[in-house]
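So you can see what is in the structure, the chains are spelled out below.
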Amino acid sequence: MDSINRLKEFHRTVKNKFNVYNSLFLSLPFRQIRTTGVLIPLLQNECRDGLLAGKEPLQILNDFFASRPELKTEDEQIDFMFRVVQYVERQVVLFDSVEDAAFPVLKDVDETLSLTDYIHLTDSKRGSAEAKSNALEKLSSFRTRIVFTAHPTQFYPPSVLKIIAKLRQLISSNDISRIDLTLQQLGLTSLLKSSKPTPFEEARNIIYFLRNVYYDAVGEIYSDIKGAMKEGQFDNPNIIQLGFWPGGDRDGNPFVTSETTLAVANELRMTLMKCYYGDLKDLEGKLTFRNVEDIVSQLVGQVYEAMFDASSTLGYKQIEGPLLEARAILEADYGGLYLDDIDALIDKVKIFKTHFATLDIRQNHAVHERLITEVLSQKGFIEESLSELSPSRLQDILLTESIRLKPEDFSDELLSDTVRTIQLVRDIQARSGEEACNRYVMSNSEDMYSVLFVFALFRWCWGAEEFPIDIIPLFESVEGMANARQIMASLFSIPAYRAHVERRSQTQTMMLGFSDGTKDGGYLTANWSIHKTKEELSSVCDENGVKAIFFDGRGGPPARGGGKTHGFYASQSEKIANHAIELTIQGQVITSMYGTKEQFKYHGEQLIAAGIHKDVLGQENHISDHFRELFEELARLSFESYTELKNHPMFIPYLEKKSTLRFYSRANVGSRPSVRGGQQKLELKNLRAIPFVGSWSQLKQNVPGYFGIGTALKTIADDGRLEDLKALFRDVPYFKTLVLNSMMSLSKCNFALTSYMAHDPEFGAFWNMLLEEYERSRDMVLKVSGYSELMEEEALSKESVAIREDIVMPLLVIQQYALQKLEQSNERQDVYEKIVIRSLYGNINASRNSA
């Protein structure tokens, strides 16, 4: 289907339906909602026309208030603004529901090859027998891991998530009367939490999706693959795995403790038992045959007990064994009746076992360094500092000394809990199986001790030389990525660590951090550095006979590694190991891309398809030396431009005074502090990527998603090499993917919203510098791509972005109005601060991938 017809389908199934259902808000039997709904279109027009005319938000709203006799007093105006915020938040929920309901139709008009298409291509007679065999072998060994994280960009309480799910179903069936009733419910239901969520509450919010969406979706993906494979028996339960960070990620979050980790691991296991129980009860009603009925009934009773009692556990074989026994009887004695049903459950048990999702532990390298320093000081190896030891002596201690650690040995609660957590991992494995918790991630990894410290801590906490744990360094800074190859080469040369890797199936997982990499080096430099680092790590692993697995810490927007996931992985060069795709799914992306069964299946299958893309199509993404040199030059120029911005004396003050950054920590959207380490003075290195990127998004400036690209491209073009840049875009898929993702960031910018800052005596010059780079980047990506407009190849995404931006236009203007009011001497300071905080939510949700 061509782009024009796809756009027509979008208008039919999304835009037109939204307009119809949005009009129902006007008839809701609540006076304030009805009154606000009548004024919203007028306010939207005033905001849109006012910004185009160069008016500042303060003037736009003051003019609007002056034209409305019912909004004369400041109290009336403030009340109206709060009602607009509440109304727009619900418009966003409605549009989300309409778009999600249309997803099954819209995905069918997508021109991207589906996983089934790829599998059918392997059966095509056009391919050689060897190519076909390689593709099938790839599918049988490839694996994906989707790791869900808790970040403060998705904050709907469970009650609202249920309303959204109900709306989706009703919209799909066009049930107008019940939609009207549900909108009334939505109008009266609070969309916000009254307090910050605890880490356990964050975990339960995501476990809601595991139980209600992912359990069945993963099972159906697996079943579809089996059905599509015409030759041989498909048996690869690792092809789609789930990972989990809430309750395990304690980097900079003092509220995640060992008690939290245990509670989350138990909740995951018991929730899985509830899923198994539902399937078993269904089977129990079907398998009413002699010798089979008793087997299933007994298993139902055991699973029921394990659903509610954390101390009652079932092993994987205790569940799989009876099912296999029942299956054998069905096949032998009852003609295989209901064999598909029991096979579907057996497959789910093979995939999820008894853990549901693997709970990763993550902690900052600096914490491990503090703990090792304290241990060696207590044991008399040093007085104060690790620098007192030679590198060889320190390694010898870490690898050979027998030390036993107990939590009570440390007065510092963080160090004590770190020991307690490492010990707890073994207990979780005993309760829920090894895969329940067998990955330990160290953020801020910049030398080999990030790995060796954790290696030693497991030796000393477990009192064992062997432990089933993947030790995963996280390379996230430009320096860390530059050192990554040498770090891993040094580790592989250490016999004790090499033996550990051999016990882990000759596999080494390494994590790359997009968020902090972009914050540190800028968008283009970070992504090219990560690509090169993957190539170098692939090489050093290959040289040592080790299978390299890359775990990508990707956020929602391009500035944090987001964007078109399939295109990103399918475009990586042939030098990057391609044994698995592992990535984090954060915040809004959980609901916007994986929130329904249809969405999860589509995006999950796209991940698998990206992994087998090259094997099926026989295409290698080779980047020539010429294009590598050009890419390198662009990255260098972009880095210089971004570094100049980052070091600008107004950079941090601008974020502190002119953005919403200072309000993120006051919004009840996540358990983690906005700044690492609790420092009072704001420094970029300690600022978390989410509030950093999110604050630029709220300003509609999206600086981290493109800054430096325009300068780099223009410098090369001015040197007479524009055609080289066009060839790079045309012939190197990875570069094209980065440019397309950056276009999304550019398309969400609206500098007219903050144009009043151009004349600010303190920040005017800085704002104009940002505007110039935005315009330069926009013009250059269009010139290099040959497009006439941004996102030209992504008509549906572009239309969705445009509608969402239109919905939240009043919210954006109100937010800037409140920020302008706060700059004035105002007795209502606390009220306008609350308006800013409240406006954060709708803006975040409307963009679906703002942070």
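Just above, that's the structure.
Because the structure is a prediction, the values reported are computed rather than measured. (Residues numbered from 1 in each chain as written. Predicted model: local features only at pLDDT ≥ 70, side-chain atom pairs only at ≥ 80, totals over all residues. Heavy atoms only, no water.)

Colleague: Please clarify how the overall build of the chain should be interpreted in this entry.
Modeller: When helices and strands are counted, the chain shows 34 helices and nine strands. For the chain, whose C-alpha radius of gyration is 28 Å, the value lies close to the compact-globule estimate of 29 Å for 851 residues. Seen along its three principal axes, the alpha-carbon backbone of the chain occupies a region of about 80 × 70 × 60 Å. Expressed as a percentage of its 851 residues, the buried residues of the chain come to 61%. Across the chain, contacts joining residues at least 24 apart in sequence account for 81% of those joining residues at least 6 apart. (Helix = DSSP H or I, 4+ residues; strand = E, 2+ residues; numbered from the N terminus. Rg over C-alpha atoms; globule rule 2.2 N^0.38 Å. Buried < 20%, exposed > 50% of the residue type's maximum accessible area, 1.4 Å probe, protein only. Contact = heavy atoms within 4.5 Å.)

Colleague: Sorry, what's going on with the pattern of salt bridges here?
Modeller: Where charged atoms of side chains with opposite charge meet at close range, the side chains can pair. In total, this model carries 63 salt bridges according to the counting rule given. Among the ionic pairs, E89 bridges to R90, the shortest N-O distance being 3.8 Å. Both residues of the pair, E89 and R90, belong to the buried class. With a shortest N-O distance of 3.2 Å, R439 and E582 are connected by a salt bridge. With R439 in strand 5 (residues 439–443) and E582 in strand 9 (residues 580–586), this pair connects stretches of sequence that are 143 residues apart. Accessibility expressed as a relative area gives 0% for E582, which makes it buried. The network of salt bridges with common partners includes R143, R145, D360, R439 and E582. (Salt bridge = Lys/Arg side-chain N within 4 Å of Asp/Glu carboxyl O.)

Colleague: In this structure, what is going on with the packing of aromatic side chains? I would like to understand it.
Modeller: Aromatic rings considered in pairs are described by the distance between their centres and by the relative angle of their planes. Taken as a whole and judged by the stated rule, the model has 42 aromatic pairs. Arranged with centres 5.6 Å apart and planes meeting at 70°, the rings of Y594 and F600 form a pair that is edge-to-face. In terms of burial, Y594 and F600 fall into one category: buried. Here the aromatic residues F148, Y208, F209, Y214, Y594 and F600 are joined through ring pairs into a cluster of three or more. A cation over a ring is seen here: R439 above F551, with NZ or CZ 4.9 Å from the ring centre. (Phe/Tyr/Trp six-rings, centres within 6.5 Å; stacked < 30°, edge-to-face > 60°. Lys NZ or Arg CZ within 6 Å of the ring centre and 35° of its normal.)

Colleague: Looking at this structure, how should I read unusual backbone geometry?
Modeller: Leaving glycine aside, a negative phi is the common case for residues, and trans is the common case for peptide bonds. One non-glycine residue, N444, lies in positive phi territory at about 60°. Within the chain, K700 stands out as a residue other than glycine whose phi angle is a positive 60°. Tracing the backbone through its elements, the reader meets K700 in the loop between helix 28 (689–698) and helix 29 (709–731).

Colleague: Can you help me understand the side chain of H500 in this one?
Modeller: As for its placement among the helices and strands, H500 is situated in helix 19 (residues 495–503). You can call H500 buried: its relative accessible area is 2%. Not counting chain neighbours up to four residues away, the residues in contact with H500 comprise F455, F467, I469 and I471.

Colleague: Quick question: what am I supposed to make of the sheet that holds strand 9 here?
Modeller: Picture the strands of a sheet paired through backbone hydrogen bonds; they go either parallel or antiparallel. Taken in spatial order, the nine strands make up an open sheet running 3-2-1-9-8-7-6-5-4, and their pairing is parallel. In the strand order of this sheet, the two ends are held by strand 3 (358–359) and strand 4 (361–364), each with one partner. Contacts between helix 14 (residues 365–378) and the sheet are confined to strand 4 and strand 5, with strand 4 contributing the most and set at about 75° to the helix. (Pairing = 2+ DSSP bridges. Axes fitted to C-alpha atoms, helices over the stretch in contact; angles between N-to-C directions.)

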